[in-house]
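Summary of the model geometry
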Amino acid sequence: QVQLQESGPGLVKPSQTLSLTCTVSGGSITTGLSAWSWIRQPPGKGLEWMGVIVSAGSTYYNPSLKSRTSISRDTSKNQFSLQLSSVTPEDTAVYYCARDPSWTTTIDYWGQGTQVTVSS
């Protein structure tokens, strides 16, 4: 079974950069047509897809977040990361990493999620 685990600071100050890492086990982030996404859920709201890095390394972002979102990867560690710059309290959310096995928009594995609070 593929497992994903988010890690990073749970508290970020306004205007700073939110950085999270997803560590993947049981599958390679470079395998086949796999795509690896960051998704978040603000309190009381629905899921918001943020962006994705595909197996070949290309990235795609939600247009509403593109200007301040960056997804990268470290294939030697089988990890991919999220950087969200210029954060505000509205960026407070549970952040998830997730896999789409063949870039079909259907996610089959999720991380457990990590709470990130933006506050001074």
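Let me begin by describing the structure that accompanies this report. Quantities reported herein were computed from a predicted structural model and do not represent experimental measurements.

1. Quick word on the overall build of the protein chain
Scanning the protein chain from N- to C-terminus turns up zero helices and eleven strands. Shown N-terminal to C-terminal, the secondary structure of the protein chain runs as helices and strands in the order β-β-β-β-β-β-β-β-β-β-β. Against the 2.2 N^0.38 benchmark of 14 Å for 120 residues, the protein chain shows a C-alpha radius of gyration of 13 Å, consistent with a compact globule. With respect to the principal axes defined by its C-alpha atoms, the protein chain has extents near 40 × 30 × 25 Å.

2. Digging into the sheet that holds strand β3 (residues 18-25)
Judged by pairing direction, the sheet is antiparallel, and its four strands sit side by side in the order β1-β3-β8-β7 without closing on themselves. Here the strands that pair on one side only, and so sit at the sheet edges, are β1 (3-7) and β7 (69-74). Neighbour to neighbour, the strand axes of the sheet diverge by 20° on average, direction disregarded.

3. Observations regarding the pattern of salt bridges
Taken as a whole, this structure holds four salt bridges when the rule is applied. Of the charged contacts in the structure, one is a salt bridge between Arg 40 and Asp 91, with a shortest N-O distance of 2.8 Å. Taken together, the positions of Arg 40 in strand β4 (residues 35-41) and Asp 91 in the loop between β8 (79-84) and β9 (93-100) put the pair 51 residues apart, joining distant regions of the chain. The same class applies to Arg 40 and to Asp 91, which are both buried. Within this structure, Arg 40, Glu 48, Arg 68 and Asp 91 form a network of salt bridges that share partners.

4. Examining the pairing of strand β11 (residues 114-118)
In β11, alternate side chains face the same way, and those of Thr 114, Val 116 and Val 118 are buried while those of Gln 115 and Thr 117 on the opposite face are not. Where strand β2 (residues 11-12) meets β11, two bridges bridge the pair, whose relative direction is parallel. Of the residues in β11, the one forming a bridge with Val 12 is Val 118. As judged from the three bridges shared by β9 and β11, these two strands associate in the antiparallel manner. Note that in β11 the partner of Tyr 95 across the bridge is Thr 114.

5. Describing the nonpolar core
Leu 18, Trp 38, Phe 80 and Tyr 95 are the most contacted members of the largest nonpolar core, which has 24 residues in total. At four residues, the largest contribution of residues to this core is made by β3.

Thresholds, definitions, all that
Residues numbered from 1 in each chain as written. Predicted model: local features only at pLDDT ≥ 70, side-chain atom pairs only at ≥ 80, totals over all residues. Heavy atoms only, no water. Helix = DSSP H or I, 4+ residues; strand = E, 2+ residues; numbered from the N terminus. Rg over C-alpha atoms; globule rule 2.2 N^0.38 Å. Pairing = 2+ DSSP bridges. Axes fitted to C-alpha atoms, helices over the stretch in contact; angles between N-to-C directions. Salt bridge = Lys/Arg side-chain N within 4 Å of Asp/Glu carboxyl O. Buried < 20%, exposed > 50% of the residue type's maximum accessible area, 1.4 Å probe, protein only. Core = buried A, V, L, I, M, F, W, Y, C linked by side-chain atoms within 4.5 Å.

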